[in-house]
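One letter stands for each residue in the lines below.
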Amino acid sequence: MARGLCVVLLGLACGLPLQASDDFGGLPEGDGRLETYQNCLACHSSAIIRQQRLSRETWDEVLDWMVEQQGMWQMAPEVRERVLDYLAEHFGRD
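Keep in mind that this is a model prediction, so the values were computed, not measured. (Residues numbered from 1 in each chain as written. Predicted model: local features only at pLDDT ≥ 70, side-chain atom pairs only at ≥ 80, totals over all residues. Heavy atoms only, no water.)

Visitor: Could you clarify how one ought to interpret the packing of aromatic side chains in this entry?
Guide: For any pair of aromatic rings, the description consists of the separation of the ring centres together with the inter-plane angle of the planes. Summed over all chains, the structure comprises two aromatic pairs. Both rings, one in Tyr86 and one in Phe91, keep their centres 6.1 Å apart while their planes meet at 65°; by these two values the pair is edge-to-face. The buried category is assigned to Phe91, whose relative accessible area is 3%. (Phe/Tyr/Trp six-rings, centres within 6.5 Å; stacked < 30°, edge-to-face > 60°. Buried < 20%, exposed > 50% of the residue type's maximum accessible area, 1.4 Å probe, protein only.)

Encoded structure:
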């Protein structure tokens, strides 16, 4: 999380413009977008999310892998559910 915060602060310090279309890194509107943005884009771009078409079960496994192998923090259960719902709805197999 500190790394992502540093990137944001550095961008702000350098005066990088943030356009309305960039506010959520290209993530589509919907319930859970903010939580997904806050928890996922702190470490990587939205491109890696937007290119996926995973089942809800696989997204759940990816979140576990991120915590266990990549050092992602544990989300509160209700936040994780919102992120998982969002990912499955917007970046699911269907």
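Following the structure, the description resumes.
Visitor: Is there a simple way to think about helix 4 (residues 56-70) in this case?
Guide: Two residues of an α-helix separated by three or four positions point the same way, owing to the 3.6 residues in each turn. For helix 4, spanning 15 residues, the distance from its first C-alpha to its last is 20 Å, which sits close to the expected 21 Å at 1.5 Å a residue. Buried within helix 4 are the following residues: Trp59, Leu63, Met66 and Val67. Projection of helix 4 onto a plane perpendicular to its axis shows the buried side chains occupying an angular sector of 90°, all on one side. Seen from the open side of helix 4, the exposed residues pointing more than 90 degrees away from its buried face are Glu57, Glu68 and Gln69. (Helix = DSSP H or I, 4+ residues; strand = E, 2+ residues; numbered from the N terminus. Expected span 1.5 Å × (residues − 1). Arc of directions from axis to C-beta.)

Visitor: How should the nonpolar core be read in this particular structure?
Guide: In summary, soluble globular proteins display a tendency toward joint burial of nonpolar side chains. In this structure, Ile49, Trp59, Leu87 and Phe91 are the most contacted members of the largest nonpolar core, which totals 16 residues. Of all the secondary-structure elements, those providing two or more residues to this core are helix 4 and helix 5 (77-90). With residues near it in sequence (within four places) discarded, Phe91 still touches Leu27, Pro28, Ile49, Arg50, Gln52, Arg53, Leu54, Trp59 and Tyr86. (Core = buried A, V, L, I, M, F, W, Y, C linked by side-chain atoms within 4.5 Å. Contact = heavy atoms within 4.5 Å.)

Visitor: Sorry, what's going on with the environment of Cys43 here?
Guide: Mapped onto the secondary structure, Cys43 falls in the loop between helix 2 (33-40) and helix 3 (47-50). Taking relative accessible area as the criterion, Cys43 reaches 41% and is therefore assigned partly exposed. When the C-alpha positions of Cys43 and Met72 are compared, they lie 8.4 Å apart, and in sequence the two are 29 residues distant.

Visitor: Teacher, can you tell me more about the environment of Phe91 here?
Guide: Along the chain, the position of Phe91 falls in the segment after helix 5. The sequence separation of Phe91 and Gln51 amounts to 40 residues, and the corresponding C-alpha distance is 8.0 Å.

Visitor: Hey, could you run me through the environment of His90 in this one?
Guide: By secondary structure assignment, the location of His90 is in helix 5. For His90, a relative accessible area of 19% puts it in the buried group. Residues His90 and Glu29, spaced 61 residues apart in sequence, show a C-alpha to C-alpha distance of 9.2 Å.

Visitor: Would you explain the packing of helix 2 against helix 5 in this entry?
Guide: When two helices pack together, their arrangement is given by the angle between the helix axes and the distance between those axes. Between helix 2 and helix 5, whose axes approach to 8 Å, the crossing angle comes to 105°. One way to sum up the angle between helix 2 and helix 5 is to call them roughly perpendicular. Residues Arg33, Glu35, Thr36, Asn39 and Cys40 of helix 2 form the contact with helix 5, whose own contacting residues are Val79, Arg82, Val83, Tyr86 and Leu87. (Axes fitted to C-alpha atoms, helices over the stretch in contact; angles between N-to-C directions. Parallel < 35°, antiparallel > 145°, perpendicular 65-115°, else oblique.)

Note that all results are geometric; they support no functional claim without further evidence.
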